[in-house]
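Architecture at a glance
Single-letter residue listing:
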Amino acid sequence: MRDLRTGDADANQIRMRRSTFTGVFLLVEGSSDKFFYECFVDKLICQISVISGKPSSKERVIAVLDILEKSNFLGVLGIVDADFDRLESLSYNSPNLLLTDTHDLETMLINSPALDKVLREFGSEDKINKFGMKVRTALVEAGISIGYLRWISQRDQLNLTFNGIKYSKFINEQNLQIDEINLIKEVKNKSQALSLDNDTIQQQIAALKSGNHDCWQVCCGHDLVEILSLGLRKAIGTMKSSDIEPDSLERSLRLAYETAYFRQTQLCSDIYKWESKNVPFQVLFSWGGDGDRSSES
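Residues numbered from 1 in each chain as written. Predicted model: local features only at pLDDT ≥ 70, side-chain atom pairs only at ≥ 80, totals over all residues. Heavy atoms only, no water.

Residues Leu26, Tyr37, Leu139, Leu228, Tyr257, Phe262 and Val283 are the most contacted members of the largest nonpolar core, which totals 75 residues. Ranked by the residues each element gives to this core, the list is headed by helix H7 (residues 135–155), at 11 residues. Among all residues touching Tyr257, those that are not within four sequence positions of it are Phe36, Phe40, Met108, Leu109, Ser112, Ala114, Phe262 and Thr265. Judged by nonpolar contacts, the second largest core, of 17 residues, contains Leu65, Leu68, Val76 and Ala82. (Core = buried A, V, L, I, M, F, W, Y, C linked by side-chain atoms within 4.5 Å. Buried < 20%, exposed > 50% of the residue type's maximum accessible area, 1.4 Å probe, protein only. Helix = DSSP H or I, 4+ residues; strand = E, 2+ residues; numbered from the N terminus. Contact = heavy atoms within 4.5 Å.)

It is worth spelling out empty space enclosed by the protein at this point. Under the criterion given, the structure shown has 1 cavity of 30 Å³ or more. Of the pockets and cavities examined, the largest cavity occupies roughly 30 Å³. As for the largest cavity, its lining consists of Ser32, Asp33, Phe36, Leu105, Glu106, Leu109 and Arg254. Counting residues per element, the ones that place at least two in the lining of the largest cavity are helix H2 (31–37) and helix H4 (105–110). (1 Å grid on protein atoms, 1.4 Å probe; cavity = no way out; pocket = protein on both sides within 12 Å on 5 of 7 lines; lining within 4 Å. Points joined across faces, edges and corners; volume = space filled by probe spheres on them.)

On to the packing of aromatic side chains. Under the counting rule described, the total for this entry stands at 12 aromatic pairs. Ring-pair connections join several aromatic residues into one group, and the members of that group are Phe36, Tyr37, Phe40, Tyr257, Tyr261 and Phe262. (Phe/Tyr/Trp six-rings, centres within 6.5 Å; stacked < 30°, edge-to-face > 60°.)

On to the layout of surface pockets. Rolling a probe over the atoms, with the probe sized like a water molecule, indicates the empty space that remains. By volume, the largest pocket amounts to about 1200 Å³. Every residue lining the largest pocket is counted, 30 residues in all, and those nearest its centre are Glu29, Ser56, Asp83, Arg150 and Gln154. Only H2, helix H3 (57–70) and H7 provide two or more residues apiece to the lining of the largest pocket. With 4 residues, H3 is the largest single contributor of residues to the lining of the largest pocket. When grouped by side-chain class, the residues that make up the lining of the largest pocket number 7 nonpolar, 12 polar and 11 charged. (Nonpolar A, V, L, I, M, F, W, Y, C, P; charged D, E, K, R; others polar.)

Below, the discussion takes up the pattern of salt bridges. Opposite charge on two side chains permits pairing when their charged atoms draw close. Tallying each qualifying case throughout the model produces 13 salt bridges. Salt-bridge contacts for Lys58 lead to Asp83; the nearest nitrogen and oxygen are separated by 3.1 Å. Residue Lys58 is located in helix H3, and its partner Asp83 is located in the loop between strand E3 (76–80) and strand E4 (97–99); the two are separated by 25 residues in the primary sequence. Arg136 is the partner of Asp116 in a salt bridge, and the nearest nitrogen-oxygen pair spans 3.3 Å. Of the two residues, Asp116 is situated in helix H5 (residues 114–122) and Arg136 in helix H7; the sequence distance between them amounts to 20 residues. On the accessibility criterion, Asp116 (30% relative accessible area) is partly exposed. (Salt bridge = Lys/Arg side-chain N within 4 Å of Asp/Glu carboxyl O.)

Moving on, we come to unusual backbone geometry. That bond from Val279 to Pro280 is cis: its omega, 15°, falls within 30 degrees of zero. With respect to the helices, strands and loops of the structure, Pro280 is situated in the segment after helix H14 (266–277). Not every positive phi belongs to a glycine, and Ser89 is a case in point at roughly 55°. Examined against the element boundaries, Ser89 turns out to sit in the loop between E3 and E4. Owing to a relative accessible area of 66%, Ser89 belongs among the exposed residues under this scheme. A positive phi angle, close to 55°, is found at Gln157, a residue other than glycine. If you trace the backbone, Gln157 turns up in the loop between H7 and helix H8 (180–191). Exposure remark for Gln157: the relative accessible area of 66% places this residue in the exposed category.

If you want it as structure tokens, here you go:
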């Protein structure tokens, strides 16, 4: 029943916590987001709250934030995945809502040196050298078709199901190339949407590809991690599937992601700007020796 509510229960819980905590309440979409931000957030002055529910965790974060703002609740900040918002030129009115630099947190991880560290740990240097292209490039080239299909599903309200699809049915484990028709078939089968025409959908994907969009806004991080998991078994590694499950790989990427990488992101800069406009509330550690972070913004 909790998921059927509008977010009032979550907002009320945060209001009650204000009596014992005077710092920032940071609202995020899920537990993996919480694990990521905990590395950079000063827990003495900022508490992270996972807001999950229907219709989506992102929408629920936005709803809870809106409820608190309308009651003039100070010191609350929400961070959500950008998803396709930038591609659709979608903006939000709230000054207390920030977006990830790329499609989601996982793409931020893969678009950073954290991927290189994970490849050194789990990949085969010999296979990677012989692979023929940069691994990051191969992941994006395969993942962008899935990203466009996700976008088409959202844009056209097809309600296609991507959870539980088997990537090995449309990703070649030897070279990480994608078979778009097999991708469409797999998603259609999973979604029980067999009436959709394969060629029509492929043409829609091709039309979007001609738009020259930022691949890091199109690709979904979960897809890239799944493809990476396949690649580390054959194309760029010799790992057992049980040793490189996607959830484990995501944890490894988070662990490999250093503070220095985060400090170079637009999201980090946006958090600093939010802090400067919401004194005395602060979110992040003071990494500088003198605690002065003004140069970072």
